[in-house]
Amino acid sequence: MEAIKQNMDEEQQIPKGTELRLVQVKGTWTRQRVSSHGHNGRVSAANIYESTSSHGTSWTVVSPITFTFTITQTHDLLNPSNDTLLMGHIRDPKQLEDFRSSTKPIKRFVVMDETVYSLYGSQVTDYLEARNVLYRILPLPTTEENKSMDMVLKILDEVHRFGIERRTEPIIGIGGGVCLDIVGLAASLYRRRTPYIRVPTTLLSYIDASVGAKTGVNFANCKNKLGTYIAPVAVFLDRAFIQTVPRRHISNGLAEMLKMALMKHRCLFELLETKGRFLLDSKFQSTEDPIGKCADPASVSTQLAIETMLEELAPNLWEDDLDRLVDFGHLISPELEMKVLPCLLHGEAVNIDMSFMVYVSCERGMLTEVEKLRIIHCMLRLELPVWHQDCNFALLQKALSERLQHSGGLLRMPLPTGLGRAEIFNDISNDTLYKAYEKWCDDLSTGTELGFPNISQHKNDSKSVE
Ligand SMILES: NC(=O)c1ccc[n+]([C@@H]2O[C@H](COP(=O)([O-])OP(=O)(O)OC[C@H]3O[C@@H](n4cnc5c(N)ncnc54)[C@H](O)[C@@H]3O)[C@@H](O)[C@H]2O)c1
């Protein structure tokens, strides 16, 4: 216990001094020496360390902040008999009981991606009407190009006009990752932190953008340069929304699922290898696997993707630890995605980055040729691009050096060390990168050598969205 505390003190660089606990008696907080025995009252998890140095007297506050949020996989979210959308964020049974018995009308501000509004707006309206909610729905063109502070301010302006009670009336975002990132940022700014709920409607946002605490918008031509780490109060997942998502965007989400599979879960990789095309064709709507007579691949794969993602994100919500397996595919892709915007979707850029990194792993002797080919074939079957003409060696180096600047001078590269296994490396030489790059281009820029018949289709940078 003592050793843990000492490490914590070293990590947080708390000056040696007097440690004071905070105790509340009849509404008043007071400091008490930790060494003093006995206290009556409520003790805070926060401490104050008082010390004196040549700078003067200092008080260092160590105040743990806890985020509690629930991710719920549900069905029929927009069925008025399902109260998840309005009450699913209330965890305390007493609060829930009070909420149910209250006569005060429920008030909700809802932001929807414009396309999602055209598809599901009437269902959302019917739901809110049927539940007698006082509501305002704001449909917005939440595209990657519009993912800016202007959009955040537009939401804030409307929220302010509508008026919400900050603690009990969460803002609801319904849409893809772009919409949810923008709504999350707006909510985290409004009155410094207003609770918000995420309802993801794309595969990518279902398994990735919704699961963690990050919000953000693009700024100065850089991806997600402005943002916060404020978790939603709840995330409600309903796979039914995915049935209207264009095929290309399902592939896009599959890239993030493949990332988790390659980093952490061999069975998930094998599931994507064998059932990935079926998932793409059925848009994750199946209830059973028609071929294998095993558990429904749509629910198994989404559940595994969320669980593996949560294992990595929950202990590191603020990304203080820079050794992150979830960064696989995210070292080069931000630079590439912004360079060719709007030609590549987020998951597509991530996949091109992963495809290159698979070659780096192979060059380093951590993946066999057979494993490398299995991965690239799987990517192609998921209809994901594996190479891009703008992803040249100069861009790779620029992206990696940019990354180096933001990671404390040590480039941490998550790389597969087998199928469903990975480690973080900081010693990949420029020589290895270059050799991998040459092979990557030789194999994949034309696609013919490895027998990848669809490769030319994937290397274009201007695929149209269905
Ligand atoms: N916060 C995070 O942790 C996190 C993680 C990963 C990605 N992201 C962000 O997510 C964004 C990508 O998310 P995305 O791929 O969902 O993109 P998106 O939000 O742009 O949605 C993709 C397209 O699908 C449409 N759409 C959404 N739902 C639909 C539905 N049910 N039916 C038909 N069309 C639908 C949208 O209008 C849009 O045209 C990126 O900006 C990325 O930075 C954030």
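Remember, predicted model here, so these are calculated numbers, not experimental data. By convention here, each chain's residues receive numbers from 1 onward along its written sequence. Local features are withheld for residues below a pLDDT of 70 in this predicted model, meaning they are given only at 70 or higher, and side-chain atom pairs are given and counted only at 80 or more; totals for whole chains, interfaces and linings count all residues. Heavy atoms from the whole structure form the basis of all side-chain values; hydrogens and water molecules are not counted.

A word on the side chain of Thr 74
Inference 1: Residue position: Thr 74 is located in the loop between strand 5 (70-73) and helix 2 (84-87).
Inference 2: Partly exposed describes any residue whose relative accessible area lies between the buried limit of under 20% and the exposed limit of over 50%, with all areas from a 1.4 Å probe on protein chains only and scaled to the type maximum. A residue is classified by how much of its surface remains accessible, and Thr 74, at 13% relative accessible area, is buried.
Inference 3: Any pair of nitrogen or oxygen atoms within 3.5 Å is treated as a polar contact; in protein, a donor-acceptor pairing is required on top of that, and neighbouring residues in sequence qualify only through side-chain atoms on both sides. For Thr 74, the side chain forms a polar contact with the side chain of Asn 82, separated by 3.5 Å.
Inference 4: When near neighbours in sequence (up to four residues on either side) are disregarded, Thr 74 contacts Asn 82, Thr 84, Leu 237 and Asp 238. Secondary structure elements are taken from DSSP: a helix is a run of H or I of four residues or more, a strand is a run of E of two residues or more, and numbering for both begins at the N terminus. Contact between two residues is taken to exist if any of their heavy atoms lie within 4.5 Å; hydrogens are not considered.

Focus: the domain arrangement of the protein chain
One frequently used descriptor of interface size is the decrease in accessible area upon assembly of the parts.
Inference 1: Under the domain assignment, the protein chain is made up of domain 1 (2-62), domain 2 (70-244) and domain 3 (247-459).
Inference 2: Where each domain begins and ends is defined by an automated method or by a domain database. Each of domain 1 and domain 2 has a C-alpha centre, and the two are 38 Å apart.

Notes on the nonpolar core
Inference 1: Think of a nonpolar core as a cluster: buried Ala, Val, Leu, Ile, Met, Phe, Trp, Tyr and Cys residues, connected wherever their side-chain atoms sit within 4.5 Å. Counting residues in hydrophobic clusters, the biggest one holds 78 residues, and the most contacted among them are Leu 254, Leu 258, Phe 284, Ile 332, Phe 356, Met 357 and Trp 440.
Inference 2: By size, the runner-up hydrophobic cluster in this structure holds 25 residues, among which are Leu 77, Leu 85, Ile 90 and Ala 234.

Describing the pairing of strand 7 (residues 134-140)
Inference 1: Strand pairing is assigned whenever DSSP identifies at least 2 bridges connecting the two strands. In this structure, strand 6 (residues 107-113) lies alongside strand 7, joined through 7 bridges in parallel fashion. Looking at strand 7, one finds that Met 112 is bridged to Pro 139.
Inference 2: Since strand 6 and strand 7 lie parallel, the crossover through helix 4 (residues 114-130) that links them has a hand, and here it is right-handed. Note on handedness: a clockwise path from strand one over the helix to strand two, with the strands aimed away from the viewer, defines a right-handed crossover.

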